[in-house]
Amino acid sequence: MGKYFLLGILFLSIFSLKAKTLVVCSDCEFRSIKDAVSKSSKFDTVLIKKGTYKEFNILVDKPLTLKGENYPVVDGEDRGEIIRVVSDNVTIDGLYIINVGTSYTTDYAAIRVVKSENFLIQNVVLEKLFFGIYLEKSNNGKVYNNKINGDAVDEYNSGNGIQLWYCHNVQVDQNIVQGVRDGIYLEFSDNITINNNLSTNNLRYGLHFMFSNDDVYTNNTFENNGAGVAVMFSKKITMRNNTFSKNWGTASFGLLLKEINDAEITGNIFTNNTIGINVEGSNRINYYNNEFISNGWALKVKGACYANSFVNNNFLNNSFDLSYNSKINDNVFKENYWSNYAGYDLNKDGVGDVPYRPVKLFSYIVNRTPETIVLLRSLFMDIIDFSEKVSPIFTPDNLMDNSPLMKRIK
Amino acid sequence: MFKILKYSFYDLMRSRWSYVYFLFYLALGFVLLFLNNDVSKAVITLMNVIIVLVPLIGTIFGVMYFYNSKEFTELLLALPIKRSSIFTGQYLGVAGSLTLSLVMGLGIPFIAYGLFRSNAIWDFSLLLVVGAFLTLIFTALSFNIALSNENKIKGFGYAVLLWLFFAVIYDGLFLLSLIIFEDYPLDKYSLVATMLNPVDLSRTLILLKLDISALMGYTGAVFKSFFGTRSGFFISIFMLILWTLIPLYNLIRKANKKDF
């Protein structure tokens, strides 16, 4: 009998623990989100109906679900941070947040997650923001299907779309970020997956890594940013099947690698960038199956870069395929397709019989004296490029593709 | 002067070479657009052709015409006509017909492929203006050469050398000087050196109008801040006009003094 009694108590307690739903609307019991959040208990859902809520500094300090119905507007009126999450297991879903305050001492964000686990931020739309989604020392979360639409004009007074600082195991998936400083910014964040995002028209970088290791980004599109992606001082980053396009300007590039080791760059498409990949001091990187189409420079290799291998890439119609500023070459180029290759294939095995030298004399000279670029597309340059091609003197001897392919790799 | 201009012009219009020149550009324009179908990309390719070929043809054609019509010129000199009008008339006849061939030959295919609906129209117009200037400049220079050299072979030799100098050798020397003085700030120098060669000036003017100027980085930015402004553009056009007028003036001066 006692056993049944205990079970009954257990059932009752579970029932009483069952999450409530607190509804917020202009004529409900709760008229502000803040009020509803403070009166809720753990694991409740705060359902926000369509309307405009002029609120900021909403503190979520217990496991809650904040769910918006038909995109309610949360207007911060430029007065500060809007939502701060300091608890584990918080979900924020379907809000339309505008007018985040701007401050140069505190980085105000639309949604800030501090030291929390298992968070989920999804279907949120942010406009007129300073920082968008700011994750701080938070792990095991997901940022999914959000739309961040900034109106940044200058780098010094704008914030980043999605920022991760000291975070681990976070997924950033299917977001659209545009018009901010850095679309997605990672600092000291490891094991982050960034997939299927669209990052366009940002002032500085579409995606930016600093001191972050073991991260993966795949199937993203970076278009028309100051520079597509910057990967700096990081190890073991995997970059797969991304598209970098139209990052065009005097100081723009598709992908910037600076002090990167042991990375993998495969299956990416680089089109119409001033510089496809700008590499500085990066070692042991595998570049496989990428496409470089119509860039100013497909690859610009500067500083000490050792033991990199470039295999099975397509280089099509770039003004310069490669710029290289060192006499020593320890990198491997093989089995790439170069549209500028003019050799022949007598035995018809699909591999050219004459090695291809991707560094043109002009690109070597421009590296030495940048002012000489004013001779771009002059007849004289074409002539000396041709003579260098016939008998190389200045460009590194062993920098060549010994087995250039005759046909584009599909 | 206009009578002579008209005569030279019609004479050339009837000649086979004008047609060949016209048909060449017509074919070039159509082939380029057929292969590419992108008007703005075709402008870049065309620029490469124009800055090399137009000066070459201007020079060779100018020298050739001058030597060929020498007897006629001497006949005209015997008549009571001002020397300056004889030579300016002939010069304008040659340069005019070459320019017409260029403009028509390239204009027709581009218009047929929807130039007016494309935003490349300004780049294209600039290309034609530059092409016209190059024709005027190099024809004037070649007339100078032909006038100073009785010997045809020598004249042709100098004409080819002139073209070679402006199209290739000048850039070589320019490059050499840039490399030798690479420790010094070279922006102003390269700006001036570009202005002094009509071929380089034309090339830079067109390049800076196109997307490709982003490749030029910092130096390009310096150039753009000069050529991109209205005053810079007018200074470049003024330089091209100067390049036309000085050889022309020299031609008239020499022709007035020369004992035929």
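Residues numbered from 1 in each chain as written. Chains lettered and ligands numbered in written order. Predicted model: local features only at pLDDT ≥ 70, side-chain atom pairs only at ≥ 80, totals over all residues. Heavy atoms only, no water.

Q: Mind showing me how you'd approach the overall build of chain B here?
A: The number of helices and strands found in chain B is 11 helices and 0 strands. Across its three principal axes, chain B shows a C-alpha extent of roughly 60 × 45 × 30 Å. Taking contacts inside chain B between residues at least 6 apart in sequence as the whole, the part at least 24 apart equals 80%. Accessible surface computed for chain B: about 12,300 Å², of which carbon and sulfur atoms make up 70%. Of the charged side chains in chain B, 20 are positive and 13 negative; the average position of the first set lies 11 Å away from that of the second. (Helix = DSSP H or I, 4+ residues; strand = E, 2+ residues; numbered from the N terminus. Contact = heavy atoms within 4.5 Å. Areas by Shrake-Rupley, 256 points an atom, 1.4 Å probe, with all protein chains shown as cover. Lys, Arg positive; Asp, Glu negative; His and termini not counted. Charge placed at Lys NZ, Arg CZ, Asp CG, Glu CD.)

Q: For this particular structure, what's the right way to read the state of the cysteines?
A: Cysteine pairs can be covalently joined through their sulfur atoms, and such a bond is termed a disulfide. All names here are of chain A. The final tally for this structure, using the stated rule, is 1 disulfide over all chains. Shown here is the disulfide that connects C25 with C28, its sulfur atoms set 1.8 Å apart. Judged by the torsion about the S-S bond (85°), the C25/C28 disulfide is right-handed. (Disulfide = S-S within 2.5 Å.)

Q: It is not clear to me how helix α9 (residues 198-209) of chain B should be interpreted in this structure. Could you clarify?
A: Note on helix geometry: an α-helix contains 3.6 residues per turn, so any two residues three or four positions apart are oriented the same way. Residue and element names in this part refer to chain B. Across its 12 residues, α9 extends 17 Å between first and last C-alpha, which sits within 8% of the 16 Å expected from 1.5 Å per residue. Here α9 lies mainly inside the structure; 11 of its 12 residues are buried. With a side-chain oxygen lying 2.9 Å from the backbone nitrogen of V199, the N-terminal cap of α9 falls on N197. (Expected span 1.5 Å × (residues − 1). Buried < 20%, exposed > 50% of the residue type's maximum accessible area, 1.4 Å probe, protein only. Polar contact = N/O pair within 3.5 Å; in protein donor to acceptor, adjacent residues only side chain to side chain.)

Q: Just to check I follow, could you spell out the environment of N169 of chain A for this structure?
A: Residue and element names in this part refer to chain A. With respect to the helices and strands, N169 occurs in the loop between β16 (162-165) and β17 (171-173). Take N169: its relative accessible area is 41%, and that puts it in the partly exposed class. Expressed as a C-alpha distance, the spacing of N169 and D321, which sit 152 residues apart in the sequence, is 37 Å. The contacts of N169, once residues within four sequence positions are left out, are N139, N140, G141, D190, N191 and I192.

Q: I would appreciate a short explanation of the confidence of the model for chain B in the present structure.
A: Reading fine detail from the predicted coordinates is not recommended where pLDDT is low. Here chain B averages 87 in pLDDT, and 97% of its residues register 70 or above. Put simply, helix α10 (residues 217-227) of chain B is where chain B has its lowest mean pLDDT, 75, and helix α7 (residues 152-180) of chain B is where it has its highest, 93. (pLDDT = per-residue confidence, 0-100.)

Q: Can you walk me through the nonpolar core in this structure?
A: Residues and elements named next belong to chain A. Residues I83, I97, L135, Y217, V231, L255 and L257 are the most contacted members of the largest nonpolar core, which totals 189 residues. Not counting chain neighbours up to four residues away, the residues in contact with L255 comprise Y217, V229, V231, M239, F244, I265, F270, G276, I277 and N278. Counting residues in hydrophobic clusters, the runner-up holds 5 residues, among them I293, L316, L405 and I409. (Core = buried A, V, L, I, M, F, W, Y, C linked by side-chain atoms within 4.5 Å.)

Q: Can you help me understand the sheet that holds strand β19 (residues 184-187) of chain A in this one?
A: Sheets are built from strands paired through backbone hydrogen bonds, the pairs being either parallel or antiparallel. Residues and elements named next belong to chain A. With parallel pairing, 12 strands are arranged side by side in an open sheet as β4-β7-β10-β13-β16-β19-β22-β25-β28-β31-β34-β37. Each having just a single partner strand, β4 (58-60) and β37 (320-324) make up the two edges of the open sheet. Neighbour-to-neighbour, the strand axes of this sheet turn through a mean angle of 10°, independent of strand direction. Both β16 and β19 contribute to a ladder of 4 bridges, which runs parallel. Each residue of the ladder has a partner; that of W165, found in β19, is E187. (Pairing = 2+ DSSP bridges. Axes fitted to C-alpha atoms, helices over the stretch in contact; angles between N-to-C directions.)

Q: What's the story with the packing of aromatic side chains in this structure? I'm lost.
A: Given two aromatic rings, one states the distance between the centres and the angle between the planes to describe the pair. Throughout the structure, instances matching the rule amount to 39 aromatic pairs over all chains. Between the aromatic rings of F24 of chain B and Y25 of chain B, the centroid separation amounts to 5.3 Å while the plane-to-plane angle is 65°, which identifies the pairing as edge-to-face. Of the residues examined, F24 of chain B reaches a relative accessible area of 36% and is grouped as partly exposed. When its relative accessible area of 0% is taken as the criterion, Y25 of chain B is described as buried. Between K34 of chain A and the ring centre of F56 of chain A, over which it is positioned, the NZ or CZ distance is 5.7 Å. (Phe/Tyr/Trp six-rings, centres within 6.5 Å; stacked < 30°, edge-to-face > 60°. Lys NZ or Arg CZ within 6 Å of the ring centre and 35° of its normal.)

Q: How should I be thinking about the interface of chain A and chain B in this particular structure?
A: Buried accessible area, meaning the area lost when the parts come together, often serves as the stated size of an interface. Counting residues at the interface gives 24 residues for chain A, matched by 28 residues for chain B. In this assembly, chain A packs against chain B so that about 2,400 Å² is buried in total across both faces, 72% of it on carbon and sulfur atoms. When residues of chain A are sorted by the area they lose upon contact with chain B, E371, V374 and R377 of chain A head the list and together hold 29% of the total. Viewed at the interface, chain B and chain A are joined by 1 salt bridge. If you look at where chain A meets chain B, you find 4 residue pairs in polar contact (both at pLDDT 80 or more). Only α3 (361-368) and α4 (379-390) of chain A provide two or more residues apiece to the side of chain A that touches chain B. Here the side of chain A that touches chain B takes 5 residues from α4 of chain A, the largest share from any one element. (Buried area = accessible area lost by both parts, 1.4 Å probe. Salt bridge = Lys/Arg side-chain N within 4 Å of Asp/Glu carboxyl O.)

Q: Sorry if this is basic, but what is going on with the environment of K224 of chain B here?
A: Tracing the chain through its elements places K224 of chain B in helix α10. Put simply, K224 of chain B and K209 of chain B are 15 residues apart on the chain and 8.8 Å apart in space, counted from C-alpha to C-alpha.

Q: Hey, could you run me through the side chain of S199 of chain A in this one?
A: Tracing the chain through its elements places S199 of chain A in strand β21 (residues 198-200). Ignoring sequence-local partners within four residues, the contact set of S199 of chain A consists of V177, G183, G206, T221, F222, E223 and N225 of chain A.

Q: Mind showing me how you'd approach the pattern of salt bridges here?
A: Side chains that carry opposite charge are capable of pairing whenever their charged atoms lie near each other. All names here are of chain A. Within the structure shown, the criterion is met by 17 salt bridges over all chains. Its salt-bridge partner being K20, residue D44 comes within 3.7 Å of it at the nearest N-O pair. Residue D44 is located in strand β2 (residues 44-48), and its partner K20 is located in the loop between α1 (2-17) and β1 (21-24); the two are separated by 24 residues in the primary sequence. Looking at D44, the relative accessible area reads 2%, which means it is buried. Its relative accessible area of 44% is what places K20 among the partly exposed residues. As a salt-bridge pair, K39 and D35 come within 2.6 Å of each other at their nearest N and O atoms. Pair noted here: K39 and D35 are both in helix α2 (residues 33-39), with a separation of 4 residues, about one helical turn. Looking at D35, the relative accessible area reads 24%, which means it is partly exposed. One continuous salt-bridge network, built from bridges that share partners, spans E81, R84, R112 and E136.

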